[in-house]
Amino acid sequence: MFKPLNINKNEENKAVEATEVEKVKCLIVGSGPAGYTAAIYAARANLSPVMYEGLQPGGQLTTTTEVENYPGYPEGVTGPVMMEDLKKQAERFGTDVRWGMATKVDFSGDVHKVWIDDTKIVEAETVIIATGATAKYLGLEDETKYAGGGVSACATCDGFFYKGKDVAVVGGGDTATEEAMYLAGLCKKVYLIVRRDELRASKVMADRTANTANIEILWKHQTKGLFGDGVVEGAILVKNLGEEGEEEVKIEIDGFFLGIGHKPNSDIFAEYIDTDDVGYIQTTPGTSKTKVSGVFACGDVQDDQYRQAVTAAGSGCMAAIDAERYLSEKNA
Ligand code: NDP
């Protein structure tokens, strides 16, 4: 099945030796709910899918604790367990799930080439991109220290655990204001920590935020650190006083939410398929089709609106069906 291949170049133009070539019908890149659902459908449609899991097998959900809003789990389920279940289901129908990272692609020909770990090339008739998005963090040491102990980048996932408590959201865009609005419906008080003196969010979201009684906007504040005994009990902020310098402010909170944006993991595909300014892959509305025939995208890498496990799973199903139809028409 494998044969030696010539030298190729990676992004830094360094010579990299690709040692193997493998031909597959359906390659799935990424292993969150979108990728696994695509795998379940593709495997059951006899596409013999091969999946490369990427850097974070299971995707973003493996970084959350309890998932309570995915249908079918009345008692809730932890993110890692749910991803293991999805993986087992994909493997049960014959998906070949492998460790490895797609590092480069060439979608210029009829057969789509995907480099794995810069060494192996998979030549795929169809490619399903399910590489997800990565929430941005501020880069504070305390974000790591309190991971799973009060720091979250997903209000819809984790907000429920802060019912009746005080929390803070960082950011001034649509993500942050949506998170703040969602949390305001659950929590006693929500601080919105905004680094400038205006919001970047759309006017409607800015107005809603300003008119919500239990949201307090902390203008011109930046986060210096978090404190608490094992879990978050508060944040230390720095307020910009302009010419008068700055002032340190402490707030007492149980939850610290990041809302400073997500970065879709689409960089390696951007040369061949359309992405928006932020990097979200553009698909034909109502489908998973990218502008390259035989290449489909699903999940958070193409969704700047919903970003939920269940919507990602739904779009993974669409991608597998689109891939199956593409192959049937091509081989008819
Ligand atoms: P944005 O880039 O629009 O906003 C990011 C916000 O985070 C800005 O207020 C920015 O501040 C702030 N920020 C960034 N880095 C830092 C930092 N290091 N410290 C403090 N604050 C920081 O990202 P969003 O995720 O909010 O939105 C991305 C896109 O998705 C937008 O086009 C948005 O409209 C869209 N979206 C749409 C939704 C909807 O329609 N339902 C929901 C969510 C997003 P500053 O303004 O100073 O740069």
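Being a predicted model, the structure only gives us computed values, none of them experimental.

Asks: Explain the site of the ligand to me, please; I cannot follow it from the model alone.
Replies: Taken together, 15 residues surround the ligand, and among them Asp174, Thr175, Glu178, Arg196 and Arg200 come closest. Here a nitrogen atom of the ligand sits 2.7 Å away from a polar atom, N or O, in the side chain of Glu178. Contacts to the ligand include Arg196, whose side-chain N or O atom sits 2.7 Å from an oxygen atom. Coverage of the ligand by the protein amounts to 73% of the 910 Å² it exposes when considered alone. Its atoms largely coinciding with the cavity grid, the ligand occupies the second largest pocket. Looking at the shell around the ligand, its residues break down into two nonpolar, seven polar and six charged.

Asks: Would you explain the state of the cysteines in this entry?
Replies: In the structure shown here, the tally under the stated rule is one disulfide. Residue Cys154 pairs covalently with Cys157 via a disulfide, S to S 2.0 Å. Across the S-S bond linking Cys154 and Cys157, the dihedral sits near 75°, which makes this disulfide right-handed. Take Cys154: its relative accessible area is 16%, and that puts it in the buried class.

Asks: Help me out: how do you make sense of the domain arrangement of the protein chain in this one?
Replies: Where the parts come together, the accessible area they lose is often given as the size of the interface. When the domains of the protein chain are assigned, the result is domain 1 (17-134 + 262-330) and domain 2 (137-258). The interface is formed by eight residues belonging to domain 1 together with seven residues belonging to domain 2. Counting each side, the surface lost to burial between domain 1 and domain 2 is near 610 Å², with a carbon and sulfur contribution of 48%. For the pair domain 1 and domain 2, the number of links is zero salt bridges. Looking at side-chain class alone, the side of domain 1 that touches domain 2 contains no nonpolar, five polar and three charged residues.

Asks: Would you take a moment to explain the nonpolar core for this structure?
Replies: Counting 31 residues, the largest nonpolar core has Ile28, Met82 and Ile128 as its most contacted members. Those elements giving two or more residues to this core turn out to be β3 (20-29), α1 (33-44), α2 (79-92) and α7 (309-330). When residues of this core are assigned to their parent elements, the largest contribution, eight residues, is made by α7. In this structure, Tyr52, Val122, Val292 and Val295 belong to the second largest nonpolar core, which totals 22 residues.

Asks: How do you make sense of the sheet that holds strand β19 (residues 255-258) when you look at a structure like this?
Replies: Consider a sheet: its strands pair through backbone hydrogen bonds, and that pairing is either parallel or antiparallel. Pairing within the open sheet is parallel, and its five strands lie in the order β12-β19-β13-β14-β15. This sheet does not close on itself; its edge strands, each paired only once, are β12 (151-152) and β15 (215-218). Taken together, the four bridges between strand β13 (residues 166-170) and β19 define a ladder with parallel strand orientation. Paired with Ala168 across the two strands is Phe256, which belongs to β19.

Cut-offs and rules
Residues numbered from 1 in each chain as written. Predicted model: local features only at pLDDT ≥ 70, side-chain atom pairs only at ≥ 80, totals over all residues. Heavy atoms only, no water. Near = heavy atom within 4 Å. Polar contact = N/O pair within 3.5 Å; in protein donor to acceptor, adjacent residues only side chain to side chain. Areas by Shrake-Rupley, 256 points an atom, 1.4 Å probe, with all protein chains shown as cover. 1 Å grid on protein atoms, 1.4 Å probe; cavity = no way out; pocket = protein on both sides within 12 Å on 5 of 7 lines; lining within 4 Å. Sits in = over half its atoms within 2 Å of the grid points. Nonpolar A, V, L, I, M, F, W, Y, C, P; charged D, E, K, R; others polar. Disulfide = S-S within 2.5 Å. Buried < 20%, exposed > 50% of the residue type's maximum accessible area, 1.4 Å probe, protein only. Domains from an automatic or database assignment. Contact = heavy atoms within 4.5 Å. Buried area = accessible area lost by both parts, 1.4 Å probe. Salt bridge = Lys/Arg side-chain N within 4 Å of Asp/Glu carboxyl O. Core = buried A, V, L, I, M, F, W, Y, C linked by side-chain atoms within 4.5 Å. Helix = DSSP H or I, 4+ residues; strand = E, 2+ residues; numbered from the N terminus. Pairing = 2+ DSSP bridges.

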